[in-house]
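As a plain string of letters, each chain reads:
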Amino acid sequence: MEGLEPVHLARSRWWAVPTALTDELVETTVRFVLSRHEALRTRLVGDTERGVRQVVDPVDEDVVRARPDLVLDESAPQGFQSGLDQLAHQPFDLHEEWPVRWFLGRRSSGDHVLVAVVHHFVAGFQGCAVLDHEIPVVLDNLASGRAPSAGLPEARGPRQWWAEEDSPRGRRLDARAREHVRRVLRDLPSTPFPVAANLRGASDPRAARRVGVTLTSPAVDGCLSWLSQEWGVPHSAVLLAAVSRALAHDLVDESALAWQVFGDRAGPLTGSSSVCYEPVTTLLPASGLAPDGDLLAASSELYRRLLVSLRARAFGDRMIDEEAHHVSRTRGVRVETPFWFNFVDSRGRRAVAPQDLTDPADELRRGTGFDEYEGDRTPGDDFLLYVWREPGQLRIGVYAHERYADVAALRAVLARCAALLHRAAVPSATAASGGPDRRRTASPRWTRLDGGRWTAPDVVRAVLASLVGVESVDVRLVAGDRGTRLHAHLTTSTAHSVDAVRTAALGMLDVPGFAVPDEITLSRGRAAPREDGPERAPALRDLVEIVGRLCGLPAVDPRLSYLAAGGAARHLPSILRGLGARGWDGLSWQDLCSHRSLESLAIALRRK
């Protein structure tokens, strides 16, 4: 939660409390739960040395606010839900308040209603499950005269996790996770989804929206449960195999499909309990699976890969981005992993009889089960797959930037996935395929180079021509033994070297369609050198000093990008705050995570 501005993103939970339990008992329960979990009473304060510092406050005396207007009427629950929505949409200022708020309302029957509104980035699905478990247990313990901690596991928080990560074992696990990710990224084609539509780095990244489609279907849940039961493969692996096969119909290069699989360290774990949201990620290659007609083989193979990947999982969700940055610079082309998978199982249905497997195509033909979503006009380059298994039904949500896929394409992916599951569960079924094969073809301006690198030669020509002192550029595609190679000849007006041009080109990897040429040759022109622009020595000096101090780097090469120089994602908020304390503005965390050199980033800095 470090560095977050006030946002409108929260989760609400409520518990019915009998009138026999006093307000004081409820207050004592909440204070005890807060004392167990430091993350729920953590604030952010500015620090001149470190930029941002987390402060854990002691538990206050009065933490529950009375809300007489918050009334749960069982005959008309809409009013109560509306009140919860209003509370959840009040922004959190994490510099001034805790990331959780407590309220005490009432039911129409006279009982109390305890409500918690928790910031999402502090407690995700599993973290809220901890509160769901602990609040009733502590209430019952106090009402029965037992110790409030009776029956509760040890509470763990970020401090324990950080200590584990900094231990020798934690460093070994991190090294193993990074090696696994590097191995996947080295063989991953650089094509995004789809290759011809990725406009990252455009002048107006907010020109398009994020769109999504959610499928809610008891029929699909029945098919998934039956297949998992018969094959002995977890629900998540079967579903991910079906979605991967359905999504392959929309990809230019199917071998580019690799899922970032998300988990959560929080939750009511065996032997410990943690409320703080702390993601666990790994990278799962999903190409080369069996064809659509053999979902069992595809699911089994994906499950095997999933087990291998989970052994190399990493704590936090920035490691994959950092490794993709370094592998991109090694390969000379931007390598992306835009496919995200998050599976939440809320005790869904386990056993299904064969005769209960209805055809999901019936409800899809009636137009039911789909819920379309259109988000704000915000930049984004991810394809998100969220799955919720609930008792008796399954919800599958796919979200993507509309430059990648429109609503119709996302509906087709889900319909094709449902049809695959049903045909596998009922072999004699003739379920609809979910629409024609929409396999995309790369634009003529895109070329696949050797090593799985996709590039647009006209983009390479324009990017190299923008370098200081370059008069003209000639880009050629040359056929080689291992595939097509990219050659570039530059005519320059200054004493450039090949190494200097290659270093400058590495800073342009964020431009869609750009790849560093395999071979660069130079010749000297006659034109006068161009101006280098305004002198930015103070900005560069401050940027290099702050990066070196906060990241603990003895020397920082300003010709390198932030991550290539040795920076880490966890220091980004502190660096931005440190620049602001010195009067500089104009950079975002996305800029720092780009391939641009610190020298070019300093040019973007401006005085407040």
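Residues numbered from 1 in each chain as written. Predicted model: local features only at pLDDT ≥ 70, side-chain atom pairs only at ≥ 80, totals over all residues. Heavy atoms only, no water.

Caption draft 1: Focus on the overall build of the chain. Of regular secondary structure, the chain possesses 17 helices and 23 strands. Expressed as a percentage of the 608 residues in the chain, the buried residues total 50%. As presented, the chain carries roughly 27300 Å² of accessible surface, and 50% of it is formed by carbon and sulfur atoms. (Helix = DSSP H or I, 4+ residues; strand = E, 2+ residues; numbered from the N terminus. Buried < 20%, exposed > 50% of the residue type's maximum accessible area, 1.4 Å probe, protein only. Areas by Shrake-Rupley, 256 points an atom, 1.4 Å probe, with all protein chains shown as cover.)

Caption draft 2: Just helix α8 (residues 295-310), in detail. The first and last C-alpha atoms of α8 sit 22 Å apart over 16 residues, in line with the 22 Å expected at 1.5 Å per residue. For α8, the set of buried residues is Leu-295, Ala-298, Ser-299, Leu-302, Arg-305, Leu-306 and Ser-309. Projected down its long axis, α8 shows its buried positions confined to an angular sector of 130 degrees, all on one face. At its buried positions, α8 is contacted by α5 (168-186), α6 (218-231), α7 (235-248), β9 (258-264), β11 (279-285) and α11 (407-425). (Expected span 1.5 Å × (residues − 1). Arc of directions from axis to C-beta. Contact = heavy atoms within 4.5 Å.)

Caption draft 3: Up close: the sheet that holds strand β6 (residues 112-119). Spatially, the 4 strands line up as an open sheet ordered β1-β6-β5-β4, and their pairing is mixed. Two strands close off the open sheet at either side, each with one partner strand: β1 (10-17) and β4 (64-72). On average, each strand axis in the sheet is inclined to that of its neighbour by 30 degrees, with strand direction left out of account. As paired elements, β1 and β6 share 8 bridges and run antiparallel to each other. Residue Ala-16 lies in a different strand from β6, and its bridge partner there is Val-113. (Pairing = 2+ DSSP bridges. Axes fitted to C-alpha atoms, helices over the stretch in contact; angles between N-to-C directions.)

Caption draft 4: The environment of Val-498, seen in detail. Within the secondary structure, Val-498 is located in helix α13 (residues 498-506). The sequence separation of Val-498 and Leu-522 amounts to 24 residues, and the corresponding C-alpha distance is 7.1 Å. Beyond its immediate stretch of four places on either side in the chain, Val-498 contacts Ile-520 and Leu-522.

Caption draft 5: Representation of the sheet that holds strand β19 (residues 470-479) within the structure. Strand order in the open sheet made by the 3 strands is β19-β20-β21, with mixed pairing throughout. Both outer strands of the open sheet, β19 and β21 (519-524), are each paired with one neighbouring strand and no more. Recorded for the sheet is a direction-independent mean angle of 20 degrees between the axes of neighbouring strands. Strand direction decides the pairing type here: strand β20 (residues 484-492) and β21, joined by 6 bridges, are parallel. Note on β21: the bridge partner recorded for Ala-488 is Ile-520.

Caption draft 6: Representation of the packing of aromatic side chains in the model. Within this structure, the stated rule accounts for 10 aromatic pairs. A ring pair is formed by Trp-14 and Phe-80, whose centres lie 5.5 Å apart and whose planes are at 80 degrees; its orientation type is edge-to-face. One end of the pair, Trp-14, is in strand β1; the other, Phe-80, is in helix α2 (residues 78-88), and 66 residues separate them in sequence. Judged by its relative accessible area of 4%, Phe-80 falls in the buried class. Ring geometry for Trp-259 and Phe-339: centres 5.7 Å apart, planes at 65 degrees, overall edge-to-face. Pair noted here: Trp-259 is in strand β9 and Phe-339 is in strand β13 (residues 339-345), with a separation of 80 residues, a long-range link. Here the aromatic residues Trp-259, Phe-339, Phe-341, Phe-343 and Phe-383 are joined through ring pairs into a cluster of three or more. (Phe/Tyr/Trp six-rings, centres within 6.5 Å; stacked < 30°, edge-to-face > 60°.)

Caption draft 7: Main features of a positive patch on the surface. A cluster of basic side chains, namely Arg-169, Arg-171, Arg-172, Arg-176, Arg-311 and Arg-313, defines a positive patch on the protein surface. Within the fold, Arg-313 resides in the loop between α8 and β12 (314-315). For Arg-313, a relative accessible area of 44% corresponds to the partly exposed category. (Patch = residues over 30% accessible without salt bridge, like charges linked within 9 Å, V, L, I, M, F, W, Y side chains within 5 Å. Salt bridge = Lys/Arg side-chain N within 4 Å of Asp/Glu carboxyl O. Lys, Arg positive; Asp, Glu negative; His and termini not counted. Charge placed at Lys NZ, Arg CZ, Asp CG, Glu CD.)

Caption draft 8: Structural context of the confidence of the model for the chain. Taken as a whole, the chain shows an average pLDDT of 83; of its residues, 85% reach a score of 70 or greater. Confidence, expressed as mean pLDDT per element, reaches its minimum in the chain at helix α10 (residues 360-365) with 64 and its maximum at α8 with 94. Contacts for the low-pLDDT stretch residues 195-206, under 50 throughout, to residues beyond four places or in other chains number 26 contacts. (pLDDT = per-residue confidence, 0-100.)

Caption draft 9: Summary view of the packing of α7 against α11. Look at α7 against α11: their axes get within 8 Å of each other, and the N-to-C directions meet at 125 degrees. One finds that α7 runs oblique with respect to α11. Crossing angle aside, the handedness with which α7 passes α11 is right-handed. Packed against α7, whose contacting residues are Val-238, Leu-239, Ala-242, Val-243, Arg-245, Ala-246 and Leu-247, the element α11 presents Val-413, Arg-416, Cys-417, Leu-420 and Leu-421 at the interface. (Parallel < 35°, antiparallel > 145°, perpendicular 65-115°, else oblique. Left-handed = near helix turned anticlockwise from the far one by under 90°.)

Caption draft 10: Summary view of the side chain of Ser-328. Within the element layout of this structure, Ser-328 appears in helix α9 (residues 319-331). When near neighbours in sequence (up to four residues on either side) are disregarded, Ser-328 contacts Val-333, Arg-334, Val-335, Leu-509 and His-595.

Caption draft 11: Focus on the nonpolar core. Among the nonpolar cores identified, the biggest contains 51 residues, and Leu-239, Trp-259, Phe-383, Leu-385, Ile-396, Leu-410 and Leu-421 are the most heavily contacted of them. Top element by residues in this core is α11. It accounts for 10 residues. In this structure Leu-421 touches Val-220, Cys-223, Leu-224, Leu-227, Val-238, Leu-239, Ala-242 and Leu-295, once residues within four positions along its chain are discounted. Grouped together as the second largest cluster of nonpolar side chains are 35 residues, Val-181, Val-333, Ala-488 and Leu-506 included. (Core = buried A, V, L, I, M, F, W, Y, C linked by side-chain atoms within 4.5 Å.)

Caption draft 12: Representation of the pattern of salt bridges within the structure. Inspection of the entire model under this criterion finds 35 salt bridges. As a salt-bridge pair, Arg-178 and Glu-322 come within 3.1 Å of each other at their nearest N and O atoms. Here Glu-322 lies in helix α9 and Arg-178 lies in helix α5, a separation of 144 residues in the sequence. In this structure, Arg-178 and Glu-322 share a single accessibility class: buried. Its salt-bridge partner being Arg-453, residue Asp-450 comes within 2.6 Å of it at the nearest N-O pair. Taking the relative accessible area as the measure of exposure, Asp-450 reaches 11% and is therefore buried. Taken together, the shared-partner salt bridges in this structure form one network comprising Asp-174, Arg-178, Glu-179, Arg-182, Arg-183, Arg-186, Glu-322 and Glu-323.

Caption draft 13: Summary view of α5. The end-to-end C-alpha distance of α5 is 27 Å, a good match for the 27 Å that 19 residues give at a rise of 1.5 Å each. Turning to α5, its buried residues are Gly-170, Ala-177, Arg-178, His-180, Val-181, Val-184 and Leu-185. Seen along its axis, α5 keeps its buried residues to an arc of 160 degrees; they face one direction. Relative to its buried face, α5 has exposed residues pointing more than 90 degrees away, namely Arg-169 and Arg-172.

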